[in-house]
Every structure is written in C-alpha cells, then in structure tokens.
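Overview (structure and organization)
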Amino acid sequence: MTELFVVPATSERAVAALADGARVVARSWGAGLGAGAVDHGRLEHAQQAVVDLVSLRELTSADVPVILALDHDTRGHYPGSVATQHRPLTADDASPSARRRGFGAFAGAELVAMTFVDLEDTDAETDFTVVAASWRGRGLSTAVKALSISVLVAGGVQTFRTGGSSDNPAIIAANRNLGYVRDEEWLTLTQGEVDPHRHG
C-alpha cells in the first residue's frame, strides 16, 4: 500500500522529499480571519443573496436526522486526499453542542447545505462545509459560512480558521468572499506510484 504523508509546502522536509523523488498527490491550504477584520456587510450580503432559495439557521439536536442524511448523500464528494478527507458523521458528531456548532440552509424541510465549526475558548475552526449536489453553484456554502461567522463573532469568537483542497475552487472562492486570508499550503506526497487521475 502506498504511504502518503502531508507536509507544509515550503518546509525543509517537503523540499528534501521532492528532491528525493517524492510526488505530489494533492495540495491543500489553510486560511484565517480575525474578528476585527470581519466585514459584516459582506456577511449580510452573502446571506441575503439566497433568501429566495432557502432559509438559514443554526442547527440543533433536533436536526440530527437531516444532518446525517445530507452527510450520507455527500460522502465521497470531498476533493483532495488524506489531508482533506471527511470522516462520515456519527449521531454524536452530528449533534450540535456548545463546542461544536452547526449552521444550515433548508429548502422546506430538506437540509441542503451545512457547515460545522469546532470551538475552543475564542477560537473557531471549520470542520467541514458541504452542499447537496443538486444545489451547488448557488452561493449556499458562502451563505452558511457567513451565518456561522456572524453568530460566532456576536458570541465573542476572535479568530476563525478554515481550509480545504486546492482542487475545490468553490470553497476557495467562498472563503475569499468572506474575508479569509490564505496563509498555509500543504502538500500530500508519496514515494510510490500516483493515481493518474489525481491532480498535482
């Protein structure tokens, strides 16, 4: 089995591994946003842009069945490799709490987009964001992330982190539109053969 390893793109380990013949299987990134840099008008615009399509709100434990349904329907839809893999949710993972908040977009009773954010003190890190396949390209990932930032800033969160695959232009654009600044790049490398369908 081919071993994969993830390293910062500019690290000495990455430079040495590439010089030694390692190949890039995937690229990923991280980005940050401070509470002081949040543009509330931009967040409001992102949410208002979808009001004719869906209703936005924070998720609760009562939503676990629809959270699990959307998660099940979108398994395998996350681009990239091991650095950006999404572990299927359990009932516990899908139940929002004070330290794990969820935000969603509903078309009637159907949950069509969601983002989950893990909290520690005044720091927030996006676990994942996903949109139902038939609803993509309509601004829903941007809208649910905008809602999460609005609510969490009001609750005292000071720093936000997020990340994803470089093969996912939609979420890259969503984060840029919300003010996130990319400040990390990671390489997933292998010393073995590479799947020719993967992007380096």
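Residues numbered from 1 in each chain as written. Predicted model: local features only at pLDDT ≥ 70, side-chain atom pairs only at ≥ 80, totals over all residues. Heavy atoms only, no water.

1. Some remarks on the confidence of the model for the protein
When the pLDDT values of the protein are averaged, the result is 90; 94% of them are 70 or greater. Here residues 194–200 is modelled with pLDDT under 50, and outside its nearest four sequence neighbours on either side it reaches ten contacts, counting other chains as well. (pLDDT = per-residue confidence, 0-100. Contact = heavy atoms within 4.5 Å.)

2. Brief notes about the pattern of salt bridges
Working definition: two side chains of opposite charge can pair if their charged atoms are close together. Per the counting criterion, the structure on display carries nine salt bridges. Of the charged contacts, one joins arginine 100 and aspartate 118 as a salt bridge, the two residues approaching to 2.9 Å between their closest N and O atoms. Taken together, the residues arginine 100 in strand β4 (residues 100–107) and aspartate 118 in strand β5 (residues 110–120) connect sequence positions 18 residues apart. Residue class for aspartate 118 comes out partly exposed when judged on its relative accessible area of 31%. The residue arginine 161 makes a salt bridge to glutamate 184 at a minimum N-O spacing of 3.6 Å. Placement of the pair is arginine 161 in strand β7 (residues 159–165) and glutamate 184 in strand β8 (residues 181–190), with a sequence separation of 23 residues. Through salt bridges with shared partners, a single network forms among Arg100, Asp118 and Asp127. (Salt bridge = Lys/Arg side-chain N within 4 Å of Asp/Glu carboxyl O. Helix = DSSP H or I, 4+ residues; strand = E, 2+ residues; numbered from the N terminus. Buried < 20%, exposed > 50% of the residue type's maximum accessible area, 1.4 Å probe, protein only.)

3. Focus: the nonpolar core
Within the largest apolar cluster, 23 residues are counted, with the highest numbers of intra-cluster contacts made by Ile67, Met114 and Leu140. Listing elements by their share of this core, those giving two or more residues are α3 (64–73), β4, β5, β6 (123–131) and α4 (140–154). Considering every element that reaches this core, the biggest residue donor is β5, with five residues. In this view, leucine 140 contacts Val50, Val54, Val112, Ala113, Val131 and Trp135; residues no more than four positions away in its chain are not counted. Counting 22 residues, the second-largest nonpolar core is a separate cluster that includes Trp29, Ala46, Leu119 and Val153. (Core = buried A, V, L, I, M, F, W, Y, C linked by side-chain atoms within 4.5 Å.)

4. As for the pairing of β8
Sheet analysis places strand β1 (residues 4–8) next to β8, joined by five bridges and oriented antiparallel. Among the inter-strand pairings, leucine 4 is bridged to a residue of β8, identified as threonine 190. (Pairing = 2+ DSSP bridges.)

5. Observations regarding the sheet that holds β6
Read from one edge of the open sheet, eight strands run β1-β8-β2-β7-β6-β5-β4-β3, paired in mixed fashion. Sheet topology places β1 and β3 (55–58) at the edges, where each strand pairs with a single neighbour. Sheet twist, expressed as the average angle between the axes of neighbouring strands with direction ignored, equals 25 degrees. Summarising the sheet, β3 and β4 pair through four bridges and their orientation is antiparallel. Pairing of leucine 56 across the sheet is with alanine 105, part of β4. (Axes fitted to C-alpha atoms, helices over the stretch in contact; angles between N-to-C directions.)

6. Section: the pairing of β7
In terms of strand pairing, strand β2 (residues 23–34) meets β7 through seven bridges, oriented antiparallel. Residue pairing for β7: glycine 30 is matched across the bridge by glycine 163. Alignment of β6 against β7, held across three bridges, turns out to be parallel. When the bridges of β7 are listed, glutamate 125 appears paired with arginine 161.

7. Digging into the packing of aromatic side chains
Applying the stated criterion to the full structure yields one aromatic pair. The cationic tip of arginine 138 hangs over the ring face of tryptophan 135; the distance from NZ or CZ to the ring centre is 4.6 Å. (Phe/Tyr/Trp six-rings, centres within 6.5 Å; stacked < 30°, edge-to-face > 60°. Lys NZ or Arg CZ within 6 Å of the ring centre and 35° of its normal.)

8. Some points on helix α5 (residues 169–177)
For α5, the complete set of buried residues consists of Ile171, Ile172, Ala174 and Asn175. Each buried residue of α5 lies within a common arc of 160 degrees when the element is viewed along its axis, so the set occupies one face. Exposed residues pointing more than 90 degrees away from the buried face of α5 are listed as Pro169, Ala170 and Arg176. Close packing links the buried residues of α5 with β2, β6, α4, β7 and β8. One or two positions beyond α5, positive phi appears at glycine 179, with a value near 100 degrees. (Arc of directions from axis to C-beta.)

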